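The chain contents come next:
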Amino acid sequence: MPYIRREQVAGMNHHYHYYTLDYFLREQAGLGLKTIEFWAGSPHIWMDHYTAYDTEKVKDQIASYGFQIACVTPENTMYPCQTSAWMEELRERSFNYFSNGICLTAELGCDKMSMNCGWGFVGEKKAEAFKRSAEMLARLADVAEKNGVLLMIESSCRDVSNVVCTLSDMKAMINTVGHQNLKPMINTTSVSCAEEMLEEWFDAFGADIKHIHFVDGNPEGQLIWGDGIHSLAKWLEVLERYGYEGSLGQDITDGRYFEHPEFFDKRNIRNLERYIKE
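These numbers were taken from a predicted model, which means no experiment stands behind them. (Residues numbered from 1 in each chain as written. Predicted model: local features only at pLDDT ≥ 70, side-chain atom pairs only at ≥ 80, totals over all residues. Heavy atoms only, no water.)

A. Just the packing of helix α7 (residues 198-205) against helix α8 (residues 232-241), in detail. In the contact formed by α7 and α8, the axes pass within 10 Å of each other and the chain directions differ by 15 degrees. In terms of axis orientation, α7 runs roughly parallel to α8. For the element pair α7 and α8, the recorded crossing hand is right-handed. Residue-level contacts link Leu198, Glu199 and Phe202 of α7 to Trp235, Val238, Leu239 and Arg241 of α8. Residues belonging to the contact of α7 with α8 are distributed by class as follows: five nonpolar, no polar and two charged. (Axes fitted to C-alpha atoms, helices over the stretch in contact; angles between N-to-C directions. Helix = DSSP H or I, 4+ residues; strand = E, 2+ residues; numbered from the N terminus. Parallel < 35°, antiparallel > 145°, perpendicular 65-115°, else oblique. Left-handed = near helix turned anticlockwise from the far one by under 90°. Contact = heavy atoms within 4.5 Å. Nonpolar A, V, L, I, M, F, W, Y, C, P; charged D, E, K, R; others polar.)

B. How the structure looks around helix α3 (residues 88-107). The terminal C-alpha atoms of α3 lie 28 Å apart, and with 20 residues this matches the ideal 28 Å at 1.5 Å per residue to within 8%. Among the residues of α3, those classed as buried are Ser94, Phe95, Tyr97, Phe98, Ser99, Asn100, Gly101, Ile102, Leu104 and Thr105. Elements in contact with the buried residues of α3: β2 (35-40), α2 (55-64), β3 (68-74), β4 (112-115) and α4 (126-146). Taken from the residues just after α3, Gly109 is the one with a positive phi, measuring 80 degrees. (Expected span 1.5 Å × (residues − 1). Buried < 20%, exposed > 50% of the residue type's maximum accessible area, 1.4 Å probe, protein only.)

C. Region of interest: the packing of aromatic side chains. Following the criterion strictly, the structure yields 16 aromatic pairs and no others. Ring geometry for Tyr18 and Phe258: centres 6.0 Å apart, planes at 85 degrees, overall edge-to-face. Separated by 240 residues along the polypeptide, Tyr18 in the loop between β1 (9-12) and α1 (21-30) and Phe258 in the loop between β8 (247-249) and α9 (261-273) bring together distant segments of the chain. Classification of Phe258 as buried rests on a relative accessible area of 14%. Residues Trp86 and Phe121 carry aromatic rings whose centres are separated by 6.1 Å and whose planes lie at 65 degrees to one another, so their mutual orientation is edge-to-face. Of this pair, Trp86 sits in the loop between β3 and α3 while Phe121 sits in the loop between β4 and α4, and the two are 35 residues apart along the sequence. For the pair formed by Trp86 and Phe121, the shared burial category is exposed. Through a chain of ring-to-ring contacts, the aromatic side chains of Tyr16, Tyr19, Tyr23 and Phe24 assemble into a single cluster. In this arrangement the basic side chain of Arg139 is found over the ring face of Phe95, its NZ or CZ atom lying 3.8 Å from the centre. (Phe/Tyr/Trp six-rings, centres within 6.5 Å; stacked < 30°, edge-to-face > 60°. Lys NZ or Arg CZ within 6 Å of the ring centre and 35° of its normal.)

Remember that the coordinates give geometry; whether it matters functionally is a separate question.
As structure tokens, this is what we get:
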């Protein structure tokens, strides 16, 4: 039977966006978690292309519960800021927005930030959107290096991004940017949507993988464990076989969880608890 450490499981606040940050933190503490992944979106923090606001207050709130922050993830799906932005003005605003995310990550005492690779227009040549994203990520990796932060990018299902959706796309992006502060991460839903295997990602990137958005799916959707079609035990066996000891972000985003996130988190953690070794 595969095992994980409690510290690896990182509760995430995206599906708590109808609740206060303190409510989320209190619920995670009640579940016995020690680690969170901080979704840097409103209403839990306000960040734009000018700055991130009230960072010390947020840092103190999180610290008051004794949590470690495994990763910071600025909102970059619902907001207009994205790495493949076509208009120059929006591109610069996006660069400033994500740069502020990197600075926020460092200010919160965290050394990892995650994001996707943006999207191009429907009908546009993929290579053009890919080029814009690569150029932006190279600039952001420079900012990350200066701030002691590892910038991690994930593949996405095609309803989120049409730039990096597969392992092949990820290899191309990492090789194109070629920066030591830009690394790949795994999103289990995206891997499943692309009909890929976790083993393929570990074979390709090995120890460069430091963080995973580790959720169930059907195959799409980012669901709590037990609501999708995947075998938690089999996927944990893969992690154990490859010696993965990084964090497992519970990036739960499906709308069915928004009204009562604490109820679904309890179900989710109950499934994970079977494999947690203290």
